[in-house]
Amino acid sequence: MNWEENVRKVTPYIPGEQPADVNVIKLNTNECPYPPAPGVKEKAESFDCSSLRLYPDTEAGKLSDALCGYYNIRPEQLFIGVGSDDVLAMAFLTFFHSEKPVFFPDITYSFYDVWAELYRIPYKRKCLDEKFHIRKEDYKEENGGIIIPNPNAPTGVAEKLGVLEDIIASNPGSVVIIDEAYVDFGGESCLPLIDKYDNLLVVQTFSKSRALAGLRIGFAMGNPRLIRYLKDVKFSFNSYTMNMLSVELGAEAVKDAGYFKDTVNKIIATRERAKEELQELGFTFPDSKANFIFASHKEVAAKTIFQELRKRGIYVRYWEKPRIENFLRITVGTDNQMDALIRSLKEIIKIEREKN
Ligand SMILES: *Cc1c(COP(=O)(O)O)cnc(C)c1O
């Protein structure tokens, strides 16, 4: 008998690369190309490090107050975690606890099946239609829970609130998680529905629209009973997951609503311009409501473009997976970064066309 037979073996999630070279144009992990709100820097500079000898507030009070004020919810409707990955992992463990399969789309955030495998939760992938939209009827079969990102990743496709509400209303026997990592870039949030449906958990993050991926802050909003169960599980791991600096700096980011809106609007404007330019180059893509574009070229293979961009110091995301092996997920950067991308794409496409 070998101890390795009794090890919990898992295949981990593989995040996009974080290159050490700062000259890389990094359009591969959907980070914000702009810095966080100026108040974050001021707070960091005036932070009293002697307070770090104490344990942090288990309720992340300052951050909780800021979020409750911004979203007009009560503290008992809010759960805060170390990035939405932490929030989602806790939610899988807490709510997906039956023998029935959990449902999520076949093309989606590739962490969902990793958590399901880790916790031994049965799951079924539901095929998106040919336009990458969910088919709501698929989510009305018996299930042990549902998770849908809106807008979806890596497609960028947003669903109408009515479609999601129908799914939530049709599943009073299971928890429905809507992962809204990209909702600030043009999607419709399910937040107004949390008072109406006690089985709805809405998850958001500071990593994309709030330019704070490095701080690791995510949160969930829902019925106080859902939140209580989630906290019980979290506090069974570790009661002090939100470190003091993240709580302080995260609160500053939320307080500056004007900066937040300006940043998001800049990214949306750049995205819409990039859509036109990509189309002119012969790319097709589903209409994105996120801070990335999921694009496919009519003549040149995605894998070739991915490799050629990389050689030119531009990183985008590529997956060699069924149905999406000819797509690139391109994060919307600054206008200058997108100009550099378009220039390189023009060059690559020209070279590849001449080969044929
Ligand atoms: C980025 C992302 C997350 C996780 O973000 P955190 O940095 O852990 O907050 C969750 N869901 C989707 C769909 C994402 O793209």
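Criteria and thresholds
- Residues numbered from 1 in each chain as written.
- Predicted model: local features only at pLDDT ≥ 70, side-chain atom pairs only at ≥ 80, totals over all residues.
- Heavy atoms only, no water.
- Helix = DSSP H or I, 4+ residues; strand = E, 2+ residues; numbered from the N terminus.
- Rg over C-alpha atoms; globule rule 2.2 N^0.38 Å.
- Buried < 20%, exposed > 50% of the residue type's maximum accessible area, 1.4 Å probe, protein only.
- Contact = heavy atoms within 4.5 Å.
- Areas by Shrake-Rupley, 256 points an atom, 1.4 Å probe, with all protein chains shown as cover.
- Near = heavy atom within 4 Å.
- Polar contact = N/O pair within 3.5 Å; in protein donor to acceptor, adjacent residues only side chain to side chain.
- Nonpolar A, V, L, I, M, F, W, Y, C, P; charged D, E, K, R; others polar.
- Core = buried A, V, L, I, M, F, W, Y, C linked by side-chain atoms within 4.5 Å.
- Domains from an automatic or database assignment.
- Pairing = 2+ DSSP bridges.
- Axes fitted to C-alpha atoms, helices over the stretch in contact; angles between N-to-C directions.
- Expected span 1.5 Å × (residues − 1).

### Some remarks on the overall build of the protein
Looking only at helices and strands, the protein features 10 helices and 13 strands. Expected size for 356 residues packed as a compact globule is a radius of gyration near 21 Å; at 21 Å, the protein falls within 12% of this value. Its C-alpha atoms give the protein principal-axis dimensions of about 60 × 55 × 55 Å. Buried residues in the protein amount to 54% of all 356 residues. Put simply, 73% of the contacts in the protein that link residues at least 6 apart link residues at least 24 apart. When the accessible surface of the protein is split by element, carbon and sulfur atoms take 51% of a total near 16,900 Å².

### A short note on the site of the ligand
Taken together, Gly83, Ser84, Asp85, Leu88, Tyr109, Asp179, Ala181, Tyr182, Thr205, Ser207, Lys208 and Arg216 make up the full set of residues near the ligand. In this structure, an oxygen atom belonging to the ligand sits 2.5 Å away from a side-chain N or O atom of Thr205. The side chain of Lys208 places a nitrogen or oxygen atom 3.1 Å from an oxygen atom of the ligand. Against a free-state accessible area of 390 Å², the protein chains account for coverage of 93% of the ligand. Among the residues making up the shell around the ligand, the classes are represented as four nonpolar, four polar and four charged.

### Considering the side chain of Asp113
Tracing the backbone through its elements, the reader meets Asp113 in helix H4 (residues 112-119). When near neighbours in sequence (up to four residues on either side) are disregarded, Asp113 contacts Phe104, Tyr123 and Arg125.

### Remarks on the side chain of Glu352
Among the secondary structure elements, Glu352 is positioned in helix H10 (residues 335-355). Residues contacting Glu352, with those up to four places away along its chain left out, are Val300 and Thr304.

### Examining the environment of Pro172
Among the structural elements, Pro172 can be located in the loop between helix H5 (161-170) and strand S6 (176-179). Considered as a pair, Pro172 and Asp21 are 151 residues apart in the sequence and their alpha carbons are 49 Å apart.

### Some remarks on the nonpolar core
Ranked by internal contacts, the top residues of the largest apolar core, which has 49 residues, are Leu63, Leu67, Ile80, Cys190, Leu200 and Met221. Among the secondary structure elements, those contributing two or more residues to this core are helix H2 (61-71), strand S2 (78-81), strand S5 (145-149), H5, S6, strand S7 (200-205), strand S8 (218-222) and helix H7 (244-255). Inspection of this core shows a minimum of three residues originating in each of domain 1 (3-34 + 258-355) and domain 2 (54-256). Beyond its immediate stretch of four places on either side in the chain, Leu67 contacts Asn72, Leu78, Ile80, Phe206, Phe219 and Val254. Grouped together as the second largest cluster of nonpolar side chains are 38 residues, Ala211, Val300, Ile305 and Val316 included.

### Structural notes on unusual backbone geometry
A cis geometry characterises the amide bond from Asn150 onward to Pro151, with omega recorded as -5°. Positionally, Pro151 belongs in the loop between S5 and H5. Here the amide bond leading from Ala153 into Pro154 is cis, since omega sits at 5°, within 30 degrees of zero. The phi dihedral of Asn30 falls on the positive side, at around 60°, and the residue is not glycine. As for its placement among the helices and strands, Asn30 is situated in the loop between strand S1 (25-26) and helix H1 (38-46). For Ala211, which is not glycine, the phi torsion reads 55° and is therefore positive. With respect to the element layout, Ala211 can be found in the loop between S7 and S8. Among the residues examined, Ala211 registers a relative accessible area of 15% and is labelled buried.

### Brief notes about the sheet that holds S2
A sheet is described by the order of its strands in space; here seven strands give the open sequence S2-S8-S7-S6-S5-S3-S4, paired in mixed fashion. Single-partner strands in this sheet number two, and they are S2 and strand S4 (123-126). Neighbour-to-neighbour, the strand axes of this sheet turn through a mean angle of 20°, independent of strand direction. Taken together, the two bridges between strand S3 (residues 102-105) and S5 define a ladder with parallel strand orientation. Each residue of the ladder has a partner; that of Val102, found in S5, is Gly145. Along the sheet face, H2 touches S2, S7 and S8 and points at about 130° away from the line of S2. Relative to the sheet, helix H6 (residues 224-237) contacts S2, S7 and S8, its axis offset from that of S2 by approximately 30°.

### Things to note about helix H8 (residues 257-280)
The first and last C-alpha atoms of H8 sit 35 Å apart over 24 residues, in line with the 34 Å expected at 1.5 Å per residue. Within H8 the residues assigned to the buried category are Phe260, Thr263, Val264, Ile267, Thr270, Arg271, Ala274, Lys275 and Leu278. Where H8 is buried, its residues contact H2, strand S9 (283-284), strand S10 (292-297) and H10.

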